[in-house]
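Residue strings, one per chain:
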Amino acid sequence: MAEDVYPVPAEWQAEAGVDASAYEAMYKAARSDPDAFWLEQAGRLHWTKAPTKAGEWSFDEANFGIRWFADGTLNVAANCIDRHLAERADTVAIIWEPDAPDEEPKRFTYAQLHAEVCRFANVLKANGAKKGDRVTIYLPMIPEAAFAILACARIGAIHSVVFGGFSPDAIAGRIEDCDSTLVVTADEGRRGGKRVPLKANVDAAVARASSVNRVIVVKATGADVAIGERDRWYHEEAAKVAADCPAEPMNAEDPLFILYTSGSTGKPKGVLHTSGGYLLWAAYTHELAFDYKPGTVFWCAADVGWVTGHSYILYGPLANGATTLMYEGLPNWPDASRIWQVVDRHQVHTLFTAPTALRALMKEGDAPVHATSRASLKLLGSVGEPINPEAWRWYHDVAGDGRCPVVDAWWQTETGGIMIAPLPGATALKPGSATRPLPGVLPQLVDEKGEVLHGATSGNLVIAGSWPGQMRTVWGDHERFFQTYFTTYPGKYFTGDGCRRDEDGYYWITGRVDDVINVSGHRMGTAEVESALVLHPRVAEAAVVGMPHDVKGQGIYAYVTLNAGDEGSAELREELRQHVRREIGPIATPDALQFAPGLPKTRSGKIMRRILRKIAEGEVSSLGDTSTLADPAVVDDLVANRAG
Ligand code: 6R9
């Protein structure tokens, strides 16, 4: 079958910031003289002291460490706001679109953003936060989330944003891990017409996490919430402080933020990003991958609670002086036209969203799309999970009327920003492929033994050298950082993803090869869901795997062994699903739950997840070799009683 290739459209070619030959030249330059390349790229930022050094790193155990621009100083918030004031004070920095379509949007110019962020910074300071302190932010998608994040950057406090969908226990764990002293939250959040009791969740979390001595509460919905001794209303504090606050000079390697993400083992890891390298990566990739040009409206439809929101709602666009759109609600609420109505209302040029949202919209047919104009739309982006070619084509043909390139951007919380993606003015597209690495990114495919594979082949995706946006450590556990990412294939960063490379050198990410499930583009560790399940008094053991899901990409399939003699029931099955939801949050709710009298284990007691995955996928005829199991009969029972 002839391969489906979409060439660079003529108008993109004509106006490309980076065309095909410029891409090749940049790629070569970054590889042959990385120091010169990156010191020149560093000129994208405003430094209070310009760096003279670029990358100083080693992935080897003996002298392991990663630093970029280590003798430079800058302030991230000043880069995102102050330096634009001379030329763009009256340019809109943030457009905020509320949850309900009949409410008025808000707009903040760079000058207004400056005042809001300074005020928030002064409130943080007045409440005890200082450089290096950790501030946990648990806010809905309201402008104050942007103000709070940038305010931390302004005073040098390290923000740790916790997604508004996480439970009190999950918040408490994230507060305790980094010893946050201050939490910023709101009375309630709103999404798709529903309310989320944020303040009540924080109260429950803080009852356990004793490091917190202050909770700042933003009045978002006006709900009646308990205000205790530790709590302060944001608006009352803001009225007492000035609208100007000096930006703290920071070393390039001073921490900017911690963001917790799930891995294949243990508790979520606190991924640490630092100031100079991260911001440069966010700015560089935002400009390159989206061929960003001033005067266009950029909409990343993620939540600021995830890395995509950090890098492409806030840091990347604002560092580039862009107009960024922040949307409080859901793409398909109140109906499946909403996302396109927002595009029309704010004349969005670039839309960056996730395959799971596209699949949900696609199910509603083309009419809700055709009911809108979308004439402003010039570029589409996809992120978070592999995009199936069917969803890609729908996005391109229907949503984009066949004229907007699709930027399928592969990257991770750990990478800080986009790593593999087409450049719209340079790269021909293939549906389902993230195409080629950005200049400065050195992907390789390796086999199980770590041998580097060449040409068209499949393997595990590693990155052979550092890049400025790379995470620097796991908060509080540098050894875990090294062990997790640099020991599987010594001397290389292991992504955890499997990948195919075709004859044109295009990369096709096939999904995680570790015990991480990608649910609607969100990472869930199987170990986390298992730990939550075994907390239930009737559960003896649990094993969790991913299963195919037509909207979420992957769903969660849980095998649960109850205490001896307990037969289980439909009620218990539902109770356990709700139990996980309470322990972690709605995104962790198992989609299928099967009671399993026994789990397939090796004689040394290791659960054979390969078999459990096959059963969850419904591929019961290809279970492979089960002869090494301690008790092969358990497999027959599992197959006979498959859930769903
Ligand atoms: C940005 C983000 C990272 C994992 C990653 C991979 C998957 C992300 C993808 C993609 C295929 C893409 N992933 N983008 N897979 N194509 N364009 O999502 O970060 O939440 O840390 O997830 O998501 O499996 O390893 P994060």
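Along each chain, the written sequence defines residue order, and numbers are assigned to residues from 1. Per-residue local features are limited, in this predicted model, to residues with pLDDT of at least 70; the limit for side-chain atom pairs, both in listing and counting, is 80 or more; totals at the level of whole chains, interfaces and linings are taken over all residues. To obtain the side-chain values, all non-hydrogen atoms of the structure were included, while hydrogens and water were left out.

Per an unreviewed UniProt entry, the chain goes by the name Acetyl-coenzyme A synthetase and belongs to Sphingomonas gellani. As stated in UniProt under Cofactor (unreviewed entry), the record for the chain gives "Mg(2+)". UniProt positions are given in the numbering used here, feature names are shortened, and annotations may be inferred rather than shown by experiment.

To continue, consider the pairing of strand β4 (residues 92-97). In terms of burial, β4 is a largely internal element, 5 of the 6 residues being buried. For two strands to count as paired, DSSP must find a minimum of two bridges between them. Each helix is a run of DSSP H or I of at least 4 residues and each strand a run of E of at least 2, with the numbering of both proceeding from the N terminus. Where β4 meets strand β5 (residues 106-109), 4 bridges bridge the pair, whose relative direction is antiparallel. Across the sheet, residue V92 finds its bridge partner in β5, namely T109. Where β4 lies against strand β17 (residues 323-327), 4 bridges are found, and the strand directions are parallel. Looking at β17, one finds that W96 is bridged to M326. Residue exposure (1.4 Å probe, protein chains only): buried if accessible area is under 20% of the type maximum, exposed if over 50%, otherwise partly exposed.

The positions UniProt marks with the feature "binding site: CoA" (unreviewed entry) are R191, G192, G193, K194, T308, N332, S520 and R581. With the annotated positions falling across 391 residues, the maximum pairwise C-alpha distance of 23.6 Å shows that they are not confined to a single cluster. Relative to the helices and strands, R191 resides in strand β9 (residues 189-191). For R191, a relative accessible area of 35% translates into the label partly exposed. Ignoring anything within four residues of it in the chain, the contact list for R191 reads D99, F163, E328, G329 and L330. Within the fold, T308 resides in helix α12 (residues 307-319). When sequence neighbours within four positions are dropped, the list of residues in contact with T308 reads C300, A302, I313, F352, V383 and W411. By the convention used here, residues are in contact when the closest approach between their heavy atoms is within 4.5 Å.

Glancing now at the pairing of strand β1 (residues 55-58). The two faces of the sheet receive side chains in turn, since in a regular strand these alternate between them. Pairing of β1 with strand β2 (residues 65-68), which is carried by 4 bridges, proceeds in the antiparallel orientation. Along β2, the bridge assignment pairs S58 with G65.

This next bit is on the site of the ligand. Surrounding the ligand, one finds 17 residues, the nearest of these being D408, T413, D497, R512 and R523. Residues adjacent in sequence count toward polar contacts only when both atoms are side-chain atoms; beyond that, a polar contact is any pair of N or O atoms within 3.5 Å, and within protein one must be able to donate a hydrogen and the other to accept it. G384 is positioned with one of its backbone polar atoms (N or O) 3.1 Å from a nitrogen atom of the ligand. Interatomic distance of 2.9 Å between a side-chain N/O atom of Q412 and an oxygen atom of the ligand. Surface accessibility in these figures is a Shrake-Rupley result with a 1.4 Å probe; residues are shielded only by whichever protein chains are displayed. Alone, the ligand offers 530 Å² of accessible surface; in the complex the protein occludes 96% of this. Where the shell around the ligand is concerned, the elements lending two or more residues are α12, β20 (406-409) and β26 (507-512). Consider each residue's heavy atoms; a residue with any of them within 4 Å of a molecule or strand counts as near.

Right, let's get into empty space enclosed by the protein. Lining residues are those with an atom within 4 Å of a point, where the points come from a 1 Å grid over the protein atoms alone and group into cavities, where a 1.4 Å probe fits but cannot get out, or pockets, open sets with protein on both sides within 12 Å along at least five of seven lines. Grid points are joined across faces, edges and corners, and a volume is the space filled by probe spheres set on the points. Counted by the stated rule, this structure contains 2 cavities of 30 Å³ or more. Considered as a void within the structure, the largest cavity measures approximately 50 Å³ in volume. If you trace the largest cavity, you find it lined by V161, V162, F163, F166, R174, L259, Y260, G305 and W306. Under the scheme applied, nonpolar residues are Ala, Val, Leu, Ile, Met, Phe, Trp, Tyr, Cys and Pro; charged residues are Asp, Glu, Lys and Arg; polar residues are all the others, including Gly. A per-class count over the lining of the largest cavity returns 7 nonpolar, 1 polar and 1 charged. Roughly 40 Å³ of volume is contained in the second largest cavity.

Once that is clear, we can look at helix α17 (residues 478-486). Inspection of α17 places F481, F482, Y485 and F486 among the buried residues, and these make up the whole buried set. Taken end-on, α17 shows its buried residues confined to a sector of 100°, consistent with a single buried face. Buried residues along α17 sit in contact with β2, β15 (269-274), β24 (473-474) and β25 (493-501). Of all possible arcs, the one meant is that of the directions from the helix axis to the C-beta atoms.

The next thing to look at is the side chain of K269. Structurally, the position occupied by K269 is in strand β15. Asp and Glu are treated as the negative residues and Lys and Arg as the positive ones, with His and the ends of the chain left uncounted. Here, a salt bridge means any side-chain nitrogen of Lys or Arg that lies within 4 Å of a carboxyl oxygen of Asp or Glu. Despite its burial, K269 pairs with no opposite charge; the closest candidate is E414, at 4.9 Å N-O. If we skip the residues at most four places from it in the chain, K269 touches L259, Y260, T261, S262, G263, V474, R480, T484 and Y485.

Once that is clear, we can look at the domain arrangement of the chain. In this entry, domain limits derive from an automatic or database-based domain assignment. On domain assignment, one finds that the chain holds domain 1 (81-86 + 99-251) and domain 2 (520-641). Look at where the C-alpha atoms of domain 1 and domain 2 centre, and you get two points 37 Å apart. Note on domain 1 versus domain 2: buried area summed over both sides is about 440 Å², and carbon and sulfur give 51% of it. As used here, buried area is the combined drop in accessible area, with a 1.4 Å probe, of two parts when they are placed together. When the buried area of domain 1 at its contact with domain 2 is split by residue, F166, S167 and D169 rank highest and sum to 60% of it. Residues that form the side of domain 1 that touches domain 2 fall into these classes: 2 nonpolar, 2 polar and 1 charged.

We call Phe, Tyr and Trp rings a pair once their centres come within 6.5 Å, taking the six-membered ring for Trp, and we label the pair stacked below 30 degrees between planes, edge-to-face above 60, and tilted otherwise. Summed over all chains, the structure comprises 39 aromatic pairs. Ring geometry for W281 and Y284: centres 5.4 Å apart, planes at 40°, overall tilted. Within this pair, W281 and its partner Y284 are both found in helix α11 (residues 275-289), separated by 3 residues, close to a single helical turn. On the basis of relative accessibility, which here comes to 0%, the residue W281 falls in the buried class. The class of Y284 is buried, set by a relative accessible area of 0%. Ring plane angle 20° and centroid distance 5.4 Å describe the contact between Y485 and Y493, whose orientation is recorded as stacked. Residues Y485 and Y493 agree in their burial class; the two are buried. Among the aromatic side chains, those forming a connected cluster through ring pairs are W57, F59, F64, W467, F481, F482, Y485, F486 and Y493. In this scheme, the term charge over a ring applies when either NZ of a lysine or CZ of an arginine sits within 6 Å of the ring centre and within 35 degrees of the ring normal. Residue placement shows K430 over the ring face of Y506; its charged tip is 4.5 Å from the ring centre. The positively charged end of R500 is found above the aromatic ring belonging to W508, 4.8 Å away from the centroid.

With that settled, the discussion passes to the pattern of salt bridges. Throughout the structure, instances matching the rule amount to 34 salt bridges. A salt bridge links K199 to D231, with the nearest nitrogen and oxygen atoms 2.8 Å apart. Here the residue K199 occupies a position in helix α9 (residues 198-208), and D231 occupies one in strand β12 (residues 231-233), the gap between them amounting to 32 residues. You'll find K199 and D231 in the same group, each marked buried. We note a salt bridge from K293 to D291, for which the minimum N-O separation is 3.6 Å.

Counting residues in each nonpolar core, the largest one holds 158 residues, and the members touching the most others are V184, Y315, F352, I418 and L533. In terms of residue count, the dominant contributor to this core is helix α7 (residues 143-155) (10 residues). Looking at which domains feed residues into this core, each of domain 1 (81-86 + 99-251) and domain 2 (520-641) gives three or more. In this view, I418 contacts W281, T285, A289, F290, Y312, F352, A409, W410, W411 and L438; residues no more than four positions away in its chain are not counted. By convention a nonpolar core is built from buried Ala, Val, Leu, Ile, Met, Phe, Trp, Tyr and Cys residues, the set being connected through side-chain atoms within 4.5 Å. Formed by 29 residues, the second largest nonpolar core is a distinct cluster that contains V297, Y327, I387 and A399.

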